[in-house]
Amino acid sequence: MLNANPKATLNLTVATTGASGSVFLCELLRIVETDARVSAVNFIASDSALRVMAEELDIAGREKLVERLLGEHSRKIVQQNNDDIGANIASGSYPCDAMIVMPCSMGTLSRIANGNAEHLIERAADVCLKEKRPLVLCVRETPLNKIHIRNMYRAADAGATIFPLIPALYSRPDSIEEIARQFACRVLQHLGLPQDNMFRWKA
């Protein structure tokens, strides 16, 4: 967890992979785009993520992907190529404060948990682990087999936070977008970036 304060300017990495839940990614990007405490976001989409976004959001291809996900031009989100293993976030010397993978497929989890860093997403995650920076994996699969569970343990043991993509319903959301927004708020709160419009349980 980051020790964020109202005057902090954080540099985040956000990745998305080939698991269902593209709407959760959209809401996360919209929140960090407007959060003044976040100065920059490096965004990576895997090839499998593009396939899922085409199915779930009718958004196809990489061209102007961030703009289409946000519905407007971004002032701080920079799209990275998952094949570019020499990108800034592939180095521990680059000042990334935290990384979120949302959704995180079981394949991506496996590669991160086992140190297979052939692509930028896994390399950036590996950098977070070796530099002891927050890494949040919003895993999405059901049912879980023993391989999935072992890989979650391996990733957690290495320092990652396993944050399953399981939304809460006690806020009585009135849309899928609101469900996704509240989940994204929970993830950001975990990183020390609480949001004013996040639902908070009152006993």
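Shown above is the structure to which this text applies.
The text that follows walks through the structure, step by step, so that each part is easy to find. Note that the structure is a prediction, hence the values are computed from the model and not measured. (Residues numbered from 1 in each chain as written. Predicted model: local features only at pLDDT ≥ 70, side-chain atom pairs only at ≥ 80, totals over all residues. Heavy atoms only, no water.)

**Brief notes about the pattern of salt bridges**
Thinking step 1. For the structure on display, the rule yields 10 salt bridges.
Thinking step 2. A salt bridge links lysine 130 to glutamate 131; the shortest N-O distance between them is 2.7 Å.
Thinking step 3. Residue class for lysine 130 comes out partly exposed when judged on its relative accessible area of 46%.
Thinking step 4. In this structure, the salt-bridge partner of glutamate 178 is arginine 181, at a minimum N-O distance of 2.3 Å. Linking glutamate 178 with arginine 181, this pair stays in helix α7 (residues 176-190), spanning 3 residues, or about one helical turn.
Thinking step 5. Given a relative accessible area of 25%, arginine 181 falls into the partly exposed group.
Thinking step 6. Connected via shared salt-bridge partners are Glu27, Arg30, Glu178 and Arg181. (Salt bridge = Lys/Arg side-chain N within 4 Å of Asp/Glu carboxyl O. Buried < 20%, exposed > 50% of the residue type's maximum accessible area, 1.4 Å probe, protein only. Helix = DSSP H or I, 4+ residues; strand = E, 2+ residues; numbered from the N terminus.)

**Some thoughts on the environment of phenylalanine 183**
Thinking step 1. One can find phenylalanine 183 in helix α7.
Thinking step 2. According to the relative accessible area criterion, phenylalanine 183 is buried, its value standing at 4%.
Thinking step 3. With 155 residues separating them along the chain, phenylalanine 183 and leucine 28 place their C-alpha atoms 8.6 Å apart.
Thinking step 4. Here phenylalanine 183 is in contact with Phe24, Met102, Cys138, Phe163, Pro164, Leu165, Ile166 and Pro167, once residues within four sequence places are set aside. (Contact = heavy atoms within 4.5 Å.)

**Focus: α7**
Thinking step 1. Its 15 residues place the ends of α7 22 Å apart at the C-alpha level, agreeing with the 21 Å of an ideal helix rising 1.5 Å per residue.
Thinking step 2. Within α7 the residues assigned to the buried category are Glu178, Ala180, Gln182, Phe183, Ala184, Cys185, Val187 and Leu188.
Thinking step 3. Structurally, α7 contributes buried residues whose contacts are with α1 (22-34), β4 (98-104) and β5 (135-139). (Expected span 1.5 Å × (residues − 1).)

**What about the pairing of β4?**
On a regular strand, each side chain points to the face opposite its neighbour's, so the side chains alternate between the two faces of the sheet.
Thinking step 1. Along β4, 7 of the 7 residues are buried, which leaves the element largely enclosed by surrounding structure.
Thinking step 2. Neither face of β4 is left uncovered, since the one carrying Ala98, Ile100, Met102 and Cys104 and the one carrying Met99, Val101 and Pro103 both have all their residues buried.
Thinking step 3. The pairing of strand β1 (residues 10-16) with β4 spans 4 bridges and is classified as parallel. Directly across from valine 14, in β4, lies its bridge partner isoleucine 100.
Thinking step 4. Note that β4 and β5 share 4 bridges and pair parallel. Pairing of isoleucine 100 across the sheet is with valine 136, part of β5. (Pairing = 2+ DSSP bridges.)

**Details of the nonpolar core**
In summary, soluble globular proteins display a tendency toward joint burial of nonpolar side chains.
Thinking step 1. By size, the foremost hydrophobic cluster in this structure holds 40 residues, and its most contacted members are Phe43, Leu69 and Ile100.
Thinking step 2. Breaking this core down by element, the ones donating at least two residues are β1, α1, β2 (38-45), α2 (47-57), α3 (65-70), β4, β5 and α7.
Thinking step 3. In contact with leucine 69, other than residues within four places in its own chain, are Leu25, Cys26, Leu29, Arg30, Phe43, Met53, Leu57 and Ile59.
Thinking step 4. Judged by nonpolar contacts, the second largest core, of 26 residues, contains Ile44, Ala87, Leu109 and Leu137. (Core = buried A, V, L, I, M, F, W, Y, C linked by side-chain atoms within 4.5 Å.)

**Notes on the packing of aromatic side chains**
Thinking step 1. Under the counting rule described, the total for this entry stands at 4 aromatic pairs.
Thinking step 2. Consider the rings of phenylalanine 24 and phenylalanine 183, whose centres lie 5.6 Å apart with planes at 90°: the pair is edge-to-face. Residue phenylalanine 24 is located in helix α1, and its partner phenylalanine 183 is located in helix α7; the two are separated by 159 residues in the primary sequence.
Thinking step 3. Residue classification places phenylalanine 24 among the buried residues on the basis of a relative accessible area of 10%.
Thinking step 4. One aromatic cluster is present, formed by Phe24, Phe163 and Phe183 through successive ring pairs. (Phe/Tyr/Trp six-rings, centres within 6.5 Å; stacked < 30°, edge-to-face > 60°.)

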